[in-house]
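Residue-level structure breakdown
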Amino acid sequence: MKLNTKRFIISILIASFFIYSVVIYTVGTRVDKGEKWITEQSRQGKLLFQKKNCIACHQIYGLGGFMGPDLTNVISALGKGPDFAKVILSNGTERMPNYHLSENEIDAFIAFFTYTDKTGISPVKDFNINYNGTVNWKDKNEKGN
Ligand code: HEC
């Protein structure tokens, strides 16, 4: 092989390496971290969730206690939603204590669950693995909580 041909191939390889690196570390790793859903209210909801130790019975993103259901997607789950969550939060149930929460606290919890809903799916039941290794969930409402 001629020296010029070798140089040409090497320069193509080096150029590809740089282009690939730039793409991977900019566009390739860009993910929606849900920043726009982090509001003062959702922060307050997260703090309350920690202070009142709701995690003792509930999971968020699949982690936590197992006495109550996973709350990650309670806002968008079929047959549930914000109004449903508000009723449970205001009254408690036979198995969940009534925390005597104020309107503001309940709204903060709803804002926090809206944030978790936009940033995670749990439990994950059905998904497709794409050719490039990324994952797509099937219809979000079919996950069932
Ligand atoms: C002692 C365990 C326990 C604790 C602590 C607890 N919960 Fe619950 N929670 C439950 C159970 C159990 C249910 C399911 C309703 C039922 O079967 O009575 C539930 C249901 C819910 C639901 C409805 C979810 C759904 O998908 O049906 C929400 C929302 C909720 N809890 C929020 C909270 C929040 C917020 C806190 C903290 C302030 C909390 N829970 C603390 C046990 C608990």
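Residues numbered from 1 in each chain as written. Predicted model: local features only at pLDDT ≥ 70, side-chain atom pairs only at ≥ 80, totals over all residues. Heavy atoms only, no water.

Side note on the overall build of the chain
- The number of helices and strands found in the chain is 4 helices and 4 strands.
- In sequence order, the chain lays out its α and β elements as α-α-β-β-α-α-β-β.
- Rg of the C-alpha trace for the chain: 23 Å, well past the compact-globule value of 15 Å for 145 residues, more than 25% over.
- Per-residue burial for the chain yields a buried fraction of 27% across its 145 residues.
- Across the chain, every contact between residues at least 6 apart in sequence was considered, and the portion connecting residues at least 24 apart equals 50%.
- Carbon and sulfur atoms make up 60% of the accessible area of the chain, which totals about 10,500 Å².
- Of the side-chain charges in the chain, 18 are positive and 13 negative, and the distance between the mean point of each set is 14 Å. (Helix = DSSP H or I, 4+ residues; strand = E, 2+ residues; numbered from the N terminus. Rg over C-alpha atoms; globule rule 2.2 N^0.38 Å. Buried < 20%, exposed > 50% of the residue type's maximum accessible area, 1.4 Å probe, protein only. Contact = heavy atoms within 4.5 Å. Areas by Shrake-Rupley, 256 points an atom, 1.4 Å probe, with all protein chains shown as cover. Lys, Arg positive; Asp, Glu negative; His and termini not counted. Charge placed at Lys NZ, Arg CZ, Asp CG, Glu CD.)

Here's the deal with the coordination of the iron atom of the ligand
- Listed as protein donors to the iron atom of the ligand are His58 (NE2) and Met96 (SD); their distances from the metal cover 1.9 to 2.1 Å.
- Coordination at the iron atom of the ligand comes from 6 donor atoms whose angles at the metal span 86 to 177°, giving a geometry best classed as octahedral. With His58 in the loop between helix H2 (40-51) and strand E1 (59-60) and Met96 in the loop between helix H3 (82-91) and helix H4 (103-119), this residue pair connects regions lying 38 residues apart in the sequence. (Donors = N, O, S within 2.8 Å, 3.2 Å for Na, K, Ca; no water. Tetrahedral: all angles 85-135°; square planar, octahedral: opposite > 155°, others 65-115°.)

Remarks on the environment of Gln44
- Checked against the element boundaries, Gln44 lands in helix H2.
- Distance from Gln44 to Tyr25, taken between C-alpha atoms, is 33 Å for residues 19 residues apart in sequence.

Side note on the packing of H2 against H4
- In contact at an axis separation of 7 Å, H2 and H4 are set at 100° when each is read in the N-to-C sense. As the angle between them shows, H2 and H4 are arranged roughly perpendicular. Contacts between H2 and H4 pair Gln41, Ser42, Gln44, Gly45, Lys46, Leu48 and Phe49 from the former with Glu105, Asp107, Ala108, Phe109, Ala111, Phe112, Phe113 and Tyr115 from the latter.
- Looking at the contact of H2 with H4, its residues break down into 8 nonpolar, 4 polar and 3 charged. (Axes fitted to C-alpha atoms, helices over the stretch in contact; angles between N-to-C directions. Parallel < 35°, antiparallel > 145°, perpendicular 65-115°, else oblique. Nonpolar A, V, L, I, M, F, W, Y, C, P; charged D, E, K, R; others polar.)

Examining the packing of aromatic side chains
- According to the stated counting rule, one finds 5 aromatic pairs in the structure shown.
- Residues Phe17 and Phe18 carry aromatic rings whose centres are separated by 5.4 Å and whose planes lie at 70° to one another, so their mutual orientation is edge-to-face. Grouping residues by exposure puts Phe17 and Phe18 together as exposed.
- The interplanar angle of 15° and the centroid separation of 6.1 Å between the aromatic rings of Phe109 and Phe113 together place this pair among those described as stacked. Within this pair, Phe109 and its partner Phe113 are both found in helix H4, separated by 4 residues, close to a single helical turn. (Phe/Tyr/Trp six-rings, centres within 6.5 Å; stacked < 30°, edge-to-face > 60°.)

What to know about the packing of H3 against H4
- Where H3 meets H4, the closest approach of the two axes is 10 Å, and the angle between their N-to-C directions is 135°. Taken together, H3 and H4 sit at an angle that is classed as oblique. Crossing of H3 over H4 shows right-handed handedness. Listed contacts from H4 to Pro82, Ala85, Lys86, Leu89 and Ser90 of H3 are Ile106, Asp107, Phe109, Ile110 and Phe113.
- Classifying every residue of the contact of H3 with H4 gives 7 nonpolar, 1 polar and 2 charged. (Left-handed = near helix turned anticlockwise from the far one by under 90°.)

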